[in-house]
Each structure stands twice: as structure tokens, then as C-alpha cells.
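Analysis of the macromolecular model
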Amino acid sequence: MRAVIQKQYGDVNVLQMDDVVMPIRQSGEVLIRAVWTGVNFTDIKQRRGGKATGTFPFVLGVDVSGIVVDADPSSAIKVGDRVMAFVLDGSYKEVVRADERLVYSLPETISLRDAAAGMLTSILSEILLTQIAQVKLKDTIVIHSAAGGVGSMLIQLARLKGMTRLIATVGHADKIPYVHALGIQNVFTYNDFPEKVKELTVDKGADVIFDSVAGYVTRKSLDCLAYYGTLVQFGNSSGEAGELSTTDVHASCRTIRGFSLGTTRQLDPERIRTAASYVLTLFEENKLKMPMIHEFPLEEVQKAHRLMESRQYQGKIVLRIGGDEIE
């Protein structure tokens, strides 16, 4: 079968199409013919060597949408089911393995393309809002990287839950109109958001800040986080560690909470299933959708990675792997 493999860390040129052997299903697993897969910042980090835990050659990617082609007869997941799944051993290939606990059946009303574009980001967003930050209706919330995949879903979910005190940030001013279209009036850049947050909250600061950027953005976030506020740190797309010290939290009674979807897939898959069930209902009812999707065929994976690294995009980047059901 076809796959994108890499035999060393580096730039996009290390990603090469190749023929690899078909995976063999183990007990408790399913095999899925992949139709779409998402491109995520964790893929970029792993390609560069920032998550150097694997052995060469390996395949990038964490999630797919597609059709089940092999499953244990006793499993609730059946051959022929349309599914979204978090995979084992990478998703940039035509057939993937997945732990059946991390496979979710899709209603016919949800296209495989939409599932690849929105499921991972919406599941993560739901967990961040309800389980990690435990946001309240009265909270003032700041969402960094608001024009990205997770930011787009955080905004939609927060608004669906009735939260109105939302502030968004973006890396470049040309992304502001996209975020305005999601329903947020107050959108600022990473350069000026602390002053704007203080102005809008009459110096109180934000109650909850969602930070997937890290680096200096974390430092600036702590400059406008309210007393008893919560900073939720769930990534470092800047490539740099967040800047903070213990004095940022004890005197101000503030909390810093971290979350990793990768860690949770390994240690607590049922936590993910709860969120997946909720967002699947929203997708089915057409209440949730990724506003902008950038598509590339699997053969153009290098172009997809270049676009993500350029940060000159909004929404979600997906790879079209193939199969009979191209949606």
C-alpha cells in the first residue's frame, strides 16, 4: 500500500511516498481504509525531531476518517462502518490500525471530509472547555490562535454553550476577518492583546486563557490573567517553551492547567469518548462545522506541511488519501 514515510528528521523534503506492507490487526484493534487525515502541529514537531520518540522509518499522523475493513467479530465496530479514529503507527497511509476504544462510528449525515477536518479539533476543544478549564457562563475567555483548527472549534463550542465574553487573538492581522466571521468582535494580535484584555475587563483580566502557542505568548497571557484565573496550556506551536515562574501563580491565586490529547489517548481513552459523543451530535445537527478546509492529495503532503509552517492559512488542513468514498 502507499504511505508517506520519513527516514530522518528534517524539513518537508524528508517526507517521501513509498510502498509499505499492509498492517496486521492485533486483538482489540480494527483496520481502516483511510480516506482523509488531518495535518496537525504535532506532525510538524515530529517531522523536525521535536518529539523524537520513534524509530526510523516512521509514518506521521494521528487521526483518520474512513471505512473499517477488518475488526474482531465481537467488536461493536463492524466491517463497512464509516468511522473517525485516532490511529496507531501513523495515518499518512492507505490502511491504518486503531485501538477500537478510539474509533467512533459516523452517521451518514457527516461526510468523511468534514469528520477529518473537525472531529479531532472539536473533541480537544470540548475537553478543554468542560473538563480542563471548567468554564462558567460569566467568565471572560481569551482564545489564542483563534484562526486555527482548534481555535475555530473553541469559539463555536463556547458560543453554543452560551458564553458571550470571548476575546480572540491571531498571529497576523489579516486573519482577523476570519475570526470576526465566527462571531467574535474583539480580535487582537499577539503583540497587543494584554492591553486590550485589561481595557475590556476594566483591569480585572481574563478568567480563562487557552494557550497553544507558548513562548512569549504565555508570558503576555500571565500579564492579563485575572486573580483566581486559569491558564490552560495545551501546545507550543511557536516551537518555544512558555515563559513563567512560580511567582506568577501563588500570590495571585491563579492556576495553570496542562492537557495533551496524545497522553490522554494512551491513559484515559474513555475521557475522549465522552467528548466525541457530544460533538458528533452537534455535527449531525449541523451546529458545528469547520469554516475553512484546505485540501491536498497525499502526494502533495510537502505542500500541506509548508502551508502549515507558513501560518498563512485559516481553519484546518487535510490530506485526501483516496478510496471509493471521496467526500
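Anything mentioned here points back to the structure above.
Residues numbered from 1 in each chain as written. Predicted model: local features only at pLDDT ≥ 70, side-chain atom pairs only at ≥ 80, totals over all residues. Heavy atoms only, no water.

Once that is clear, we can look at the sheet that holds strand β10 (residues 187–189). Either a parallel or an antiparallel arrangement is found when strands of a sheet pair, and the pairing is made through backbone hydrogen bonds. Within the open sheet, the six strands sit side by side as β10-β9-β8-β11-β12-β13. Their pairing is parallel. Every other strand in the sheet has two partners, leaving β10 and β13 (255–258) as the edge strands with one partner each. The average undirected angle you get between the axes of adjacent strands in this sheet is 20°. Looking at chain direction, strand β8 (residues 141–143) and strand β11 (residues 206–211) are connected through three bridges and run parallel. Among the inter-strand pairings, Ile 141 is bridged to a residue of β11, identified as Val 208. Taken strand by strand, helix α5 (residues 193–200) contacts β8, β9 (166–170), β10 and β11, and its axis lies near 150° from that of β10. (Pairing = 2+ DSSP bridges. Helix = DSSP H or I, 4+ residues; strand = E, 2+ residues; numbered from the N terminus. Axes fitted to C-alpha atoms, helices over the stretch in contact; angles between N-to-C directions. Contact = heavy atoms within 4.5 Å.)

Ranked by internal contacts, the top residues of the largest apolar core, which has 61 residues, are Phe 86, Ile 123, Leu 128, Val 179 and Phe 210. Among the elements that take part in this core, helix α2 (residues 112–132) stands out by supplying twelve residues, more than any other. Discounting chain neighbours no more than four positions away, the residues touching Phe 86 are Val 62, Asp 63, Ala 98, Asp 99, Leu 102, Tyr 104, Leu 120, Ile 123, Leu 261, Arg 265 and Ile 272. (Core = buried A, V, L, I, M, F, W, Y, C linked by side-chain atoms within 4.5 Å. Buried < 20%, exposed > 50% of the residue type's maximum accessible area, 1.4 Å probe, protein only.)

Purely geometric stuff here, so don't read any function into it on its own.
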